[in-house]
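# Residue-level structural notes
Listed here are the chains, written in short residue letters.
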Amino acid sequence: MERTEKLSDRIMEHLRDPFVRTAVTIKSKVIAESGNFLRGKGFVELLPTIISPVTDPLNHEVHNAKFRYYDQEYKLMQSMIFHKQLACTAFDRIFIISPNVRLETSEKATSGKHLFEFTQIDLEMRDSSREDVMEVMEELVVSVITAVKRDCDQALDYLGSDPAVPSRPFPKVKYLDAYDQYGKDFETILSKSFTGPFWLIDIPIWEREFYDRLSDDGKTLVDMDLILPLGFGEVLSGGEREWEYRRIVKRMEFKGNDPKELSWYMEIAEDGGLVPTAGCGFGVERLTRYICSLDHVAKTRLFPKVPGQSCI
């Protein structure tokens, strides 16, 4: 009973926090402006997929979230990567305001940027390049920050935040160059040293999943992360996708993925059903945290799910 009362006290304290209410209001503007921007660029909005037999395998440790329903095992969606690829056989450009569940390990509770239930805006573009996606996202970030500063100025003043509207094009940094210069903590070092968003590109093959397209050098991928400045870190990942069956098989062999776990996806690929696409997903809470100058993404949600903590 004591634990429940403490949890209830924490819940109500969070709900009554004016910083939280203000940040949630700004997050609503971030979502609305992002959606309007993408619709204006010809993107069709799809509803999110919540459960599926397959989801993003990810490249880091998380606890599994799955259940059986009749004779089928389903997983809670960690990201809609495979569904996005398939959606681009029907539409040229799609986006989804997508809730994701990633049961992160408890040590990430204090990172300031992790929740185990969060929202990302996913987009995918048929017959497009990484550079096409980067151009769209640069325009979106500029549009969102401009709109928030224009329409939520009093809220930003209350939070003591004055985010700069970044200049385009955003700088590009090659992953291996940064690693050679700064070591394994290069992303944190660069994020703290930059005053505007920048792209981290050409990420090594071992750092990403099998669906990211391998570049001609056989070592790096045609992908990117968007890194926020002032220490706020990564907010977006994406790139071009593998779509040819033989290349997918080779990438799965390298990563140790079991094709049987993605049998229907592999069947579609083998039958030539996939098409060339590029896309990304960006964290709504992380972008809002940056705009609001908050110490933790938990303050951008009324009912945050912090790794390792009891939540409702």
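The shown structure was predicted, so the numbers you read here are calculated from the model rather than taken from an experiment. (Residues numbered from 1 in each chain as written. Predicted model: local features only at pLDDT ≥ 70, side-chain atom pairs only at ≥ 80, totals over all residues. Heavy atoms only, no water.)

### As for the UniProt feature "domain: Aminoacyl-transfer RNA synthetases class-II family profile" (unreviewed entry) in the protein
When the UniProt feature table is mapped onto this chain, "domain: Aminoacyl-transfer RNA synthetases class-II family profile" (unreviewed entry) is found at residues 93–304. For residues 93–304, helix accounts for 34% and strand for 23%, while the C-alpha atoms at its two ends are 31 Å apart. (UniProt positions renumbered as here; feature names shortened; annotations may be inferred. Helix = DSSP H or I, 4+ residues; strand = E, 2+ residues; numbered from the N terminus.)

### A short note on the packing of helix H6 (residues 175–182) against helix H7 (residues 186–193)
Relative to each other, H6 and H7 sit at 95°, their axes nearing to 9 Å. Between H6 and H7, the interaxial angle falls into the category roughly perpendicular. Between H6, through Tyr175, Ala178, Tyr179 and Tyr182, and H7, the contact on the second element is made entirely by Phe186, Ile189 and Leu190. Counted by class, the contact of H6 with H7 contains 7 nonpolar, no polar and no charged residues. (Axes fitted to C-alpha atoms, helices over the stretch in contact; angles between N-to-C directions. Parallel < 35°, antiparallel > 145°, perpendicular 65-115°, else oblique. Contact = heavy atoms within 4.5 Å. Nonpolar A, V, L, I, M, F, W, Y, C, P; charged D, E, K, R; others polar.)

### Some words on empty space enclosed by the protein
Tallied over the entire structure, the rule returns 1 cavity of 30 Å³ or more. By volume, the largest cavity amounts to about 30 Å³. Residue lining of the largest cavity: Met137, Val141, Leu226, Leu228, Val235, Phe282 and Leu287, and that is the complete set. Listed by contribution, the elements that provide at least two residues to the lining of the largest cavity are helix H4 (130–151) and strand E11 (223–228). (1 Å grid on protein atoms, 1.4 Å probe; cavity = no way out; pocket = protein on both sides within 12 Å on 5 of 7 lines; lining within 4 Å. Points joined across faces, edges and corners; volume = space filled by probe spheres on them.)

### Topic: the pattern of salt bridges
Applying the stated criterion across every chain, the model contains 23 salt bridges. A salt bridge links Arg130 to Glu131; the shortest N-O distance between them is 3.1 Å. Taking the relative accessible area as the measure of exposure, Arg130 reaches 9% and is therefore buried. Under the relative-accessibility criterion, Glu131 is labelled partly exposed at 39%. Among the ionic pairs, Arg208 bridges to Asp223, the shortest N-O distance being 3.6 Å. With a gap of 15 residues between them, Arg208 in the loop between strand E10 (198–201) and E11 and Asp223 in strand E11 connect regions that are remote in the sequence. Using a relative accessible area of 14% as the deciding quantity, one classes Arg208 as buried. By relative accessible area, Asp223 is classed as buried at 0%. Linked through salt bridges whose partners overlap, the residues forming this network are Lys84, Asp122, Glu124, Asp212 and Arg241. (Salt bridge = Lys/Arg side-chain N within 4 Å of Asp/Glu carboxyl O. Buried < 20%, exposed > 50% of the residue type's maximum accessible area, 1.4 Å probe, protein only.)

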